[in-house]
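Residues per chain are reported as follows:
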Amino acid sequence: MCGVVGIVGQSPVNQLLYDALTVLQHRGQDAAGIVTEDKGKFFLRKSNGLVRDVFHSRHMQSLVGDIGIGHVRYPTAGNSSTAESQPFYVNSPYGIVLAHNGNLTNSIELHQALFQSDLRHINTTSDSEVLLNVFAHELQLQAKLKPEPKDIFLAVAGVHRRCRGAYGVVALISGLGMVAFRDPNGIRPLVYGKRIADNGAIEYMVASESVALDVIGFELIADVAPGEAIFIDAAGELHVQQCAEVVNKTPCMFEFVYFARPDSIIDGISVYKARLRMGDALAERILALRPDHDIEVVIPIPDTSRTSALQLANRLGVNFREGFMKNRYIGRTFIMPGQTERRKSVRQKLNAIGLEFKGKNVLLVDDSIVRGTTCYEIIEMARDAGAKNVYFASAAPEVLYPNVYGIDMPAAKELIAHGRTTDEIRQAIGADWLVYQKLEDLKTATQTKKSDVHDFDCSVFDGAYVTGDIDQAYLDALETLRKDDNKSKVLVSDSSMVDLHNDDEG
Ligand SMILES: O=P(O)(O)OC[C@H]1O[C@H](OP(=O)(O)OP(=O)(O)O)[C@H](O)[C@@H]1O
Ligand SMILES: NC(=O)CC[C@H](N)C(=O)O
Ligand SMILES: [Mg+2]
């Protein structure tokens, strides 16, 4: 789940982009990149690592210009080499750089078509480079030396016709402006906002999550609607156009469960409020299943479950206690690339406060159980700390199916709930009791009257892929390519791959 940002400013945007990327860091910890443009020339810095490690003073100084885009990466396709970090660059037409959140489900077919019909060369295994070249080709078809907004929108319509899957995109077209668009299902989030610069002109910003706008000091205008594109031209003028023939708004449910920051608003839904309601619904379920429960304390698994766990405890009328302390310098474990790293990191990240566990019946609450890495370790820690009984509650239902839209869950067999009953999962994670949220309750908790979202992509829970193009053969191929055991063999980082680089000193 990557994070993207783009700013059309009235003064240098390098620091603003950097700050926005740090706010979006929770969406991708593997690599980061920024491209700015000044007098028709692009300036790039991208590399593997966290934002604070990728950009040093000398890189920041070289990122000149009042317009730019940025990306934080969590790979879901290709490999994790620096050459596959983003933004990507293509020199024709005009010179375009692009940052992508999501995952294309037909990138292999597109890759072939780009070579055989469009005579374009793709140099990496990244689906985002494919997406960039589809956009570039569609723009080239307009055959204009000075394209107008309608030509840009026709190119986006071409992307919608050819690309399948999930994409929240921001791109710069050299000398012309910044374009941003979202797939016709709106699977990945994308918002835009504005602020008034010191000279009185309007500055625009696009970001994966509204929290980035808040922190940088931009006011939210709207979500980029599914299938819609926005274009801010060289004169700073905003153009908005629906570019898809068919739109079916189904944002990713997992954004609300785990990925997004709680202080973000996605498609009119407050992630924070949705998580509070998830806690309420889960408490109702516990009360229905065990009216005479003996839970003495509710303990969240930091960080993401805090919001729902607090509300759950309130609703149960049981004490809420921070029984696990988190090392603030260790990032999210779920989005780390390998299982050994993930397991080690749970232990390094969380430590139990013994007195909250000793002799008590504790209910541990997490937002979700995916591979079971976190809950297995945590339950063992709770027992070591002297808990009498360790119960476990998940604010999301069983994660049963792979994700194909930008979350790296490629293999059903790696999911702890796959092929197991609830009781078998309980045994596998070592809990005394286990309860999951029901999918209907999760949907009800996430929906609000204020939003026009009536359905979600819940494919990881129900196996219904909203783009309608996923079959078992696709899932089998994805599993073979990306499952943990094969990642290290197949997806080796190749630092010798060619890409645009202004700075190769690291
Ligand atoms: O069952 P698993 O495969 O372990 O995945 C689920 C866990 O991973 C995530 O936490 P993470 O540490 O990534 O982030 P957080 O600090 O935001 O909770 C999520 O919040 C769960 O705790
Ligand atoms: N998580 C994402 O959004 C990934 C974007 C893109 N598919 C990549 O692997 O770089
Ligand atoms: Mg967690």
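For clarity, every value in this text was computed on a predicted model and none was experimentally measured.

Rules of the game
- Counting restarts for each chain, with residues numbered from 1 along the sequence as it is written.
- As a convention, the first chain written is A and the first ligand written is 1, with the rest following in written order.
- Local features in this predicted model are restricted to residues of pLDDT 70 or higher, and side-chain atom pairs are both shown and tallied only at a pLDDT of 80 or more, whereas totals for entire chains, interfaces and linings draw on every residue.
- Just so you know, side-chain values use all the structure's heavy atoms and leave hydrogens and water out.
- UniProt positions are given in the numbering used here, feature names are shortened, and annotations may be inferred rather than shown by experiment.
- Partly exposed describes any residue whose relative accessible area lies between the buried limit of under 20% and the exposed limit of over 50%, with all areas from a 1.4 Å probe on protein chains only and scaled to the type maximum.
- Each helix is a run of DSSP H or I of at least 4 residues and each strand a run of E of at least 2, with the numbering of both proceeding from the N terminus.
- Only heavy atoms matter for contacts: two residues are in contact if any of them lie within 4.5 Å across the pair.
- Near residues are defined by distance, with any heavy atom within 4 Å of the molecule or strand qualifying the residue.
- In protein, a polar contact requires one atom able to donate a hydrogen and another able to accept it; more generally it is a pair of N or O atoms within 3.5 Å, and residues adjacent in sequence count only if both atoms are side-chain atoms.
- Accessible areas in this description were obtained via Shrake-Rupley with a 1.4 Å probe; residue shielding takes into account the shown protein chains only.
- Three classes are used, and their members are as follows: Ala, Val, Leu, Ile, Met, Phe, Trp, Tyr, Cys and Pro are nonpolar, Asp, Glu, Lys and Arg are charged, and the others, Gly among them, are polar.
- Should DSSP find at least two bridges between two strands, the strands are taken to pair.
- Put simply, two rings from Phe, Tyr or Trp (the six-membered ring, in Trp's case) pair if the centres are within 6.5 Å, and we call them stacked under 30 degrees between planes, edge-to-face over 60, tilted for the rest.
- The rule is short: NZ of Lys or CZ of Arg within 6 Å of the ring centre and within 35 degrees of the ring normal puts a charge over the ring.
- Scored from 0 to 100, pLDDT records how confident the predictor is in each individual residue.
- Under this scheme, a helix contributes an axis fitted over its contacting stretch, all axes are lines through C-alpha atoms, and angles between N-to-C directions fall in the 0 to 180 degree range.

### Section: the UniProt feature "binding site: Mg(2+)" (unreviewed entry) in the protein chain
In this structure's numbering, the residues bearing the UniProt feature "binding site: Mg(2+)" (unreviewed entry) are Thr304, Asp366 and Asp367. The greatest C-alpha distance among the residues just named is 7.5 Å, despite their covering 64 residues of sequence, which places them together in space. Of the residues examined, Thr304 reaches a relative accessible area of 13% and is grouped as buried. Among the structural elements, Asp366 can be located in strand E20 (residues 361-366). Residue Asp366 is classed as buried on the basis of its relative accessible area, which comes to 6%. Ignoring anything within four residues of it in the chain, the contact list for Asp366 reads Ile301, Ser305, Thr374, Phe392, Ala393, Ser394 and Ala395.

### Quick word on the site of ligand 2
In the vicinity of ligand 2 there are 15 residues, among which Met1, Cys2, Arg73, Gly102 and Asp127 approach most closely. At 2.8 Å from a nitrogen atom of ligand 2 is found a side-chain nitrogen or oxygen belonging to Asp127. Compared with its free state, where it exposes 300 Å², ligand 2 has 100% of that area covered by protein. For the shell around ligand 2, the secondary structure elements donating two or more residues are strand E6 (96-104) and helix H5 (127-140). In terms of residue count, E6 provides more of the shell around ligand 2 than any other element does, four residues in total. Of the residues that constitute the shell around ligand 2, the class distribution is five nonpolar, eight polar and two charged.

### Looking at the pairing of strand E8 (residues 177-182)
E8 sits mainly inside the fold: six of its six residues count as buried. Residues Gly177, Val179 and Phe181 line one face of E8 and the alternating positions Met178, Ala180 and Arg182 line the opposite face, and both faces are buried. Note that strand E7 (residues 165-173) and E8 share six bridges and pair antiparallel. Its bridge partner lying in E8, Ile173 is registered against Gly177. Between E7 and E8, which pair antiparallel in sequence order, lie three residues; one of them, Gly175, sits at a positive phi of approximately 80 degrees. Examined bridge by bridge, E8 and strand E12 (residues 228-233) share five bridges and lie antiparallel to one another. In the strand pairing of E12, Phe181 is matched with Ala229.

### Some details on the packing of aromatic side chains
Under the defined criterion, the tally for this structure stands at 16 aromatic pairs. Connected via pairs of aromatic rings, a cluster forms that spans Tyr74, Phe254, Tyr258, Phe259, Phe334 and Phe461. Taking the ring centre of Phe88 as reference, the NZ or CZ of Lys46 above it sits at 4.6 Å. The ring of Tyr391 carries the charged tip of Arg290 above its face, separated from the ring centre by 4.8 Å.

### Some remarks on the UniProt feature "active site" (unreviewed entry) in the protein chain
Those residues carrying the UniProt feature "active site" (unreviewed entry) are Cys2 in this numbering. Along the polypeptide, Cys2 turns up in the segment before strand E1 (3-8).

### Some remarks on the confidence of the model for the protein chain
When pLDDT is averaged along the protein chain, the result is 94, and 96% of the positions lie at 70 or above. The ipTM, which scores confidence in the relative placement of chains, is 0.98 for this predicted complex, and the corresponding pTM is 0.95.

### Structural notes on the sheet that holds strand E2 (residues 31-38)
Taken together, the seven strands give an open sheet; going across it, the order is E3-E2-E4-E1-E10-E9-E11, and neighbouring strands pair in antiparallel fashion. Among the strands making up the open sheet, the edge pair consists of strand E3 (41-48) and strand E11 (219-223). The average angle at which neighbouring strand axes cross in this sheet is 15 degrees, direction not considered. Here four bridges tie E1 to strand E10 (residues 202-207), and the two strands are oriented antiparallel to one another. By the bridge assignment for E10, Ile7 is matched with Met205. Here helix H1 (residues 14-23) sits on the sheet in contact with E1, E2, strand E4 (67-73), strand E9 (191-196) and E10, set at roughly 160 degrees to E2.

### What about the sheet that holds strand E21 (residues 389-394)?
The five strands are arranged E17-E16-E20-E21-E22 in an open sheet whose pairing can be described as parallel. The open sheet has two edge strands with one neighbour each: strand E17 (319-320) and strand E22 (433-436). Relative to E17, strand E16 (residues 297-300) runs parallel, the two sharing two bridges. When the sheet's bridge partners are listed, Val297 is paired in E17 with Asn319. Lying over the sheet, helix H9 (residues 271-289) contacts E20, E21 and E22, oriented at roughly 130 degrees with respect to E22.

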